[in-house]
Amino acid sequence: MNKKFKLYFIIGLSGIVTALWFAIFVTDTRGQQINYWWQLLMGLSALIYGIFGIFTAKKWNWLKSGVGRGVFFLSLGLVMWGIGQLGWTYFLFAEPNVESPQSHLLDIIDFAAIPLWFAGIVTLSKATGAKYGLKKLSGKLLVVVVSLIMILLSWYFLVEVARGGSAYFEQAFWKQFFDLGYSIGDAIILTTAIVIFTLSWKLLGGRFRLPIITILVAFVLLYLADFWFSYRDGQGLYYNGDAVDLLYFLMITTLGLGITMLDPNRVRSSKKIAPAQTAAAPQAPDPQQQETTSEPMPAVQNPEPPAEAASPVLPKEAPDFLKVNPVAPYANPHDNNEQQKEES
Amino acid sequence: MDQTPAPAAPQTTAQPAENIYTEICGQIIKEQSRIIGVTLALEQASHVEGLAVDSSTYHCTISGNGSMVINDLIEQYRDFFGHAAVEVCREAASRYLANLPAEQTPTLLKS
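Please read all numbers here as calculations on a predicted model, not as lab measurements. (Residues numbered from 1 in each chain as written. Chains lettered and ligands numbered in written order. Predicted model: local features only at pLDDT ≥ 70, side-chain atom pairs only at ≥ 80, totals over all residues. Heavy atoms only, no water.)

Asks: So what exactly am I meant to see when it comes to the overall build of chain A here?
Replies: Of the regular secondary structure elements, chain A holds 10 helices and zero strands. Each helix (α) and strand (β) of chain A, taken in turn from the N terminus, gives the series α-α-α-α-α-α-α-α-α-α. Classification of the 344 residues of chain A by burial places 49% in the buried group. Here the analysis covers contacts within chain A between residues at least 6 apart in sequence; of these, 73% occur between residues at least 24 apart. Approximately 17000 Å² of chain A is accessible, and the part contributed by carbon and sulfur atoms is 64%. (Helix = DSSP H or I, 4+ residues; strand = E, 2+ residues; numbered from the N terminus. Buried < 20%, exposed > 50% of the residue type's maximum accessible area, 1.4 Å probe, protein only. Contact = heavy atoms within 4.5 Å. Areas by Shrake-Rupley, 256 points an atom, 1.4 Å probe, with all protein chains shown as cover.)

Asks: Could you clarify how one ought to interpret helix 4 (residues 105–128) of chain A in this entry?
Replies: At 3.6 residues per turn, the α-helix brings residues three or four places apart onto the same side. With 24 residues, helix 4 of chain A should cover 34 Å at 1.5 Å per step; its first-to-last C-alpha distance of 35 Å lies within 8% of that length. Within two residues after helix 4 of chain A, G129(A) carries a phi angle of roughly 85°, on the positive side. (Expected span 1.5 Å × (residues − 1).)

Asks: For this particular structure, what's the right way to read the packing of aromatic side chains?
Replies: In this description, an aromatic ring pair is defined by two values, namely the gap between the centres and the angle between the planes. Residue and element names in this part refer to chain A. The full count for this structure, using the stated rule, is 20 aromatic pairs over all chains. Consider the rings of W21 and F25, whose centres lie 4.8 Å apart with planes at 15°: the pair is stacked. With a gap of four residues between them, W21 and F25 both fall in helix 1 (residues 3–26), about one helical turn apart. For W21, a relative accessible area of 4% gives the class buried. (Phe/Tyr/Trp six-rings, centres within 6.5 Å; stacked < 30°, edge-to-face > 60°.)

Asks: It is not clear to me how a nonpolar patch on the surface should be interpreted in this structure. Could you clarify?
Replies: There is a patch of nonpolar side chains on the surface, built from M1(A), F5(A), I51(A) and F55(A) and spanning about 390 Å² of accessible area. Inspection of the secondary structure puts M1(A) in the segment before helix 1. (Patch = residues over 30% accessible without salt bridge, like charges linked within 9 Å, V, L, I, M, F, W, Y side chains within 5 Å. Salt bridge = Lys/Arg side-chain N within 4 Å of Asp/Glu carboxyl O.)

Asks: What is the right way to read the state of the cysteines from this model?
Replies: Where two cysteines share a covalent bond between their sulfur atoms, that bond is called a disulfide. Enumeration according to the criterion identifies zero disulfides over all chains in this entry. In this model C60(B) remains outside any disulfide bridge; the closest cysteine sulfur is found in C25(B), 4.9 Å from its own. (Disulfide = S-S within 2.5 Å.)

Asks: What am I meant to see in the confidence of the model for chain A here?
Replies: Note that predicted coordinates carrying low pLDDT should not be read in detail. Across chain A, the average pLDDT comes to 75, with 71% of residues at 70 or higher. Of the regions scoring below 50 in pLDDT, residues 270–344 of chain A engages in 133 contacts with residues more than four places distant in sequence or in other chains. (pLDDT = per-residue confidence, 0-100.)

Asks: Just checking my understanding: could you explain the packing of helix 4 of chain A against helix 8 (residues 209–234) of chain A for this structure?
Replies: Between two packed helices, what matters for the description is the angle formed by their axes and the separation of those axes. All names here are of chain A. It is at 12 Å that the axes of helix 4 and helix 8 come closest, and there the two elements cross at 150°. In this view, helix 4 runs roughly antiparallel relative to helix 8, as classed from their interaxial angle. Helix-helix and strand crossings are classified by hand; for helix 4 and helix 8 the assignment is left-handed. Seen from helix 4, the contacting residues are W117, I121, L124 and T128; seen from helix 8, they are I212, I215, F219 and L222. For the contact of helix 4 with helix 8, the per-class residue count stands at seven nonpolar, one polar and no charged. (Axes fitted to C-alpha atoms, helices over the stretch in contact; angles between N-to-C directions. Parallel < 35°, antiparallel > 145°, perpendicular 65-115°, else oblique. Left-handed = near helix turned anticlockwise from the far one by under 90°. Nonpolar A, V, L, I, M, F, W, Y, C, P; charged D, E, K, R; others polar.)

This is the structure:
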């Protein structure tokens, strides 16, 4: 599944779902089957984009790298959000007259996205260089100031404006927990994302600056969507297919795009390449070598042959990641068992 | 039979520096692999002229100017992931820099 396909799929599906939302919105359709089907499409989109992201984590050696862990947790969070949304949609079809199911299982599944997204943001920060920004006093002050501002703003918007102030806390514990939990979790994630991004602003570069910015924008949308949902739901104005749902869907699309853009492969056609030079016997690249050569990268003192079909050998002049199916010819020194399993 | 041990070869500044360069390269690649994964870290290193890396031990072999090879390696990672990668490289190489004179320290490792 290459990067280009994933990006076009996300853009295409999101375009269709957004167009359908506009049709629902313009016609002011409420409480109809089409509203429920739209909710289903939203949940399905989140699930698919999350699965795309999980496959993207494979390109970064899964959980064995900081970026891989970040991509994996962000994607898993999106998957959980999608499953939760699909669960809610099931009840829309099965029990349309029930306002909310008695079981909190769906809340738990939905809520699971919050710590997963938080873990994803934090592990991704190790790749963005945020910790180097903390070495300066200005960085430390920034963390404190941004956190304080976000706490105050979030309390005001999420409790005072959206929930009518402290009287909200007189409700049942689990209702408070899940209603506020989403919003507080969103606030924590957004605060963390802003802090990390601000600390790494000067350090972040290369091809992955835009994806990280895109992921940050997604969490801004999530924060706004949850706040707006809390407000409209509290006022009794929310309906399936509401404008709030479009904001949620934009969040899903933006997060899906950001994670997919973290795929290290380039979105371009393959070019003819020559094998790389070796340090042991420096020589000019053979111009007759084809790009799909199965010659593995020669490594000194490495008796292990490549386990699977080796990736093409790249010259130093060629752009990175020309191949769409990067197969690691290298053994992972941290896990000898992995290579033995591949060879068996 | 007594054997007089051969006198030790005179230590030149080039030999220890080359050893240090290979250690620095290995440590940089190892640290980058923690961030971006083994596959991508080694793939980026494979683009650096004059550098060969043992994929299982991260042992590096440098041919040519070691300081330039390290600079090229750091630039490779910087092009891939931005200046954050340079900081990772500096952190990885920090414990070896004390053994290098200033004129032999790769420019991108100087803070």
